Amino acid sequence: MALTLFSSAYEYLEHSLQQATISILKQGPIPRHVGFVLDGNRRFARAHGATSTRFGHYEGFRQLEKVLETCMQLGVEAVTVYAFSIENFKRSKEEVDYLMQLFREAFSELCEKNDVVKEYGIAVRFLGNISLLPPDVAEIALRTEERTRHNTKRIFNICCPYTSRDEISTAMRNSVKKVEQGHMRIRDINEHVIEQNLFTAKSPPLDILVRTSGEIRLSDFLLWQSSKDCHIQFVKCYWPQFSLWRFLPVLLEYQMNYRDMMVSICLDYEPLWTSST
């Protein structure tokens, strides 16, 4: 009984501290778009003595729900997560099959009964080559998109299955297709046109990219989007351990550097026209 009361009191205090911290952070600039590489689920499982990676993946998806809610509370407009790489299909059949089953459950929950999606008016979008997914998983993903497409307040991008190389190649092919259809000229294809054809075209520019597990690499994720005016942070914890307190130093650094970043953007800006005297 005493242990239960202590646990409840601890949870209440932690929740109150989190809400107070979020309120303070919201007094400063908040990133509009944050990307996450959900890395370290398998190592988390091994560190906890699990004989299968399933434990790590399950805990990772549960933590994703919490991080998404934290971002929404902060006022982040768009969250993009690297849920599954095209390269991940090369993993063992057992692990891939389990991940597909986890996707079935998680995507269905997003579609049918996720309180965070409903509360914040989140449009759920799946970025990547959906055709590579099992047909029933692809159907659930498309149904989730359809059910939430009228939500216009926030965006939750799930990259699955995805690689940045595939995204950029697709953007190039779509640009060339517009030329073939007579909608534009080949010489009109430039950086701006390619950006308009990226999977993230409907999202704000990427402000922060976070990779957990301590690995210092991007693993073919949002390479184009993170190439300019983006804070890239490598955090030394496994994804299931990532929380507001791990996110806090990243947000504080972003806020401290925000003014310098805005000055840099203004200096790089080239007006489309100049006034004549």
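Refer to the structure above for everything that follows.
The structure contained in this document is the topic of the report that follows. Since the structure is predicted, the reported quantities are computational estimates derived from the model, not experimental observations.

Calculation rules
- Residues numbered from 1 in each chain as written.
- Predicted model: local features only at pLDDT ≥ 70, side-chain atom pairs only at ≥ 80, totals over all residues.
- Heavy atoms only, no water.
- Helix = DSSP H or I, 4+ residues; strand = E, 2+ residues; numbered from the N terminus.
- Buried < 20%, exposed > 50% of the residue type's maximum accessible area, 1.4 Å probe, protein only.
- Contact = heavy atoms within 4.5 Å.
- Areas by Shrake-Rupley, 256 points an atom, 1.4 Å probe, with all protein chains shown as cover.
- Lys, Arg positive; Asp, Glu negative; His and termini not counted.
- Charge placed at Lys NZ, Arg CZ, Asp CG, Glu CD.
- Salt bridge = Lys/Arg side-chain N within 4 Å of Asp/Glu carboxyl O.
- Pairing = 2+ DSSP bridges.
- Axes fitted to C-alpha atoms, helices over the stretch in contact; angles between N-to-C directions.

1. Observations concerning the overall build of the protein chain
So, step 1. Assigned secondary structure in the protein chain consists of 9 helices and 6 strands.
So, step 2. Once the C-alpha set of the protein chain is aligned to its principal axes, its extents read approximately 80 × 50 × 35 Å.
So, step 3. Expressed as a percentage of the 277 residues in the protein chain, the buried residues total 43%.
So, step 4. Taking the intrachain contacts of the protein chain between residues at least 6 apart in sequence as the baseline, contacts between residues at least 24 apart amount to 77%.
So, step 5. Accessible surface for the protein chain amounts to roughly 15,700 Å². Of this, 53% is attributable to carbon and sulfur atoms.
So, step 6. Put simply, the protein chain has 33 plus and 34 minus side-chain charges, and the middle of one group is 2 Å from the middle of the other.

2. Things to note about unusual backbone geometry
So, step 1. Omega for the bond connecting cysteine 160 with proline 161 falls within 30 degrees of zero, at -15°, which places this linkage in the cis form.
So, step 2. You can see proline 161 is positioned in the loop between β4 (154-159) and α7 (164-180).
So, step 3. Residues other than glycine seldom take positive phi values, yet serine 219 does so here, at roughly 55°.
So, step 4. Here serine 219 lies in the loop between β5 (208-211) and β6 (231-234).
So, step 5. The class of serine 219 is partly exposed, set by a relative accessible area of 28%.
So, step 6. With a phi close to 50°, leucine 222 is a non-glycine residue in the positive phi region.
So, step 7. The residue leucine 222 is located in the loop between β5 and β6 in this model.
So, step 8. Leucine 222 gets classed as buried once you look at its relative accessible area, which sits at 0%.

3. Some remarks on the environment of valine 179
So, step 1. Relative to the elements of secondary structure, valine 179 occurs in helix α7.
So, step 2. On the basis of relative accessibility, which here comes to 22%, the residue valine 179 falls in the partly exposed class.
So, step 3. C-alpha separation for the pair valine 179 and isoleucine 189, spaced 10 residues apart in sequence, amounts to 8.8 Å.
So, step 4. Leave out the neighbours within four places in its chain, and valine 179 touches Met184, Arg185, Ile186 and Ile189.

4. Looking at the pattern of salt bridges
So, step 1. Tallied over the entire structure, the rule returns 16 salt bridges.
So, step 2. Residue arginine 62 is joined to glutamate 109 by a salt bridge in which the shortest nitrogen-to-oxygen separation is 4.0 Å. With arginine 62 in helix α3 (residues 54-74) and glutamate 109 in helix α4 (residues 93-112), this residue pair connects regions lying 47 residues apart in the sequence.
So, step 3. A single network of salt bridges, built from pairs that share partners, joins Asp39, Arg43, Arg211, Glu215 and Arg217.

5. Details of the sheet that holds β5
The strands that make up a sheet are held in pairs by hydrogen bonds between backbone atoms, and each pair lies either parallel or antiparallel.
So, step 1. Spatially, 6 strands are ordered β3-β4-β2-β1-β5-β6 in an open sheet, and the strand pairing comes out parallel. Of all the strands in the sheet, just β3 (122-127) and β6 have a single pairing partner and so form its edges. With direction set aside, neighbouring strand axes in the sheet form an average angle of 15°.
So, step 2. Pairing of β5 with β6, which is carried by 4 bridges, proceeds in the parallel orientation. Among the inter-strand pairings, isoleucine 208 is bridged to a residue of β6, identified as histidine 231.

6. Overview of the pairing of strand β1 (residues 33-37)
So, step 1. Counting buried residues in β1 gives 5 out of 5 residues, a clear majority hidden from the surface.
So, step 2. Across 5 bridges, β1 lies against strand β2 (residues 78-82) in parallel orientation. From the neighbouring strand, valine 34 faces β2, where its bridge partner is valine 79.
So, step 3. As paired elements, β1 and β5 share 4 bridges and run parallel to each other. In the sheet register, glycine 35 faces β5, and the bridge partner there is leucine 209.

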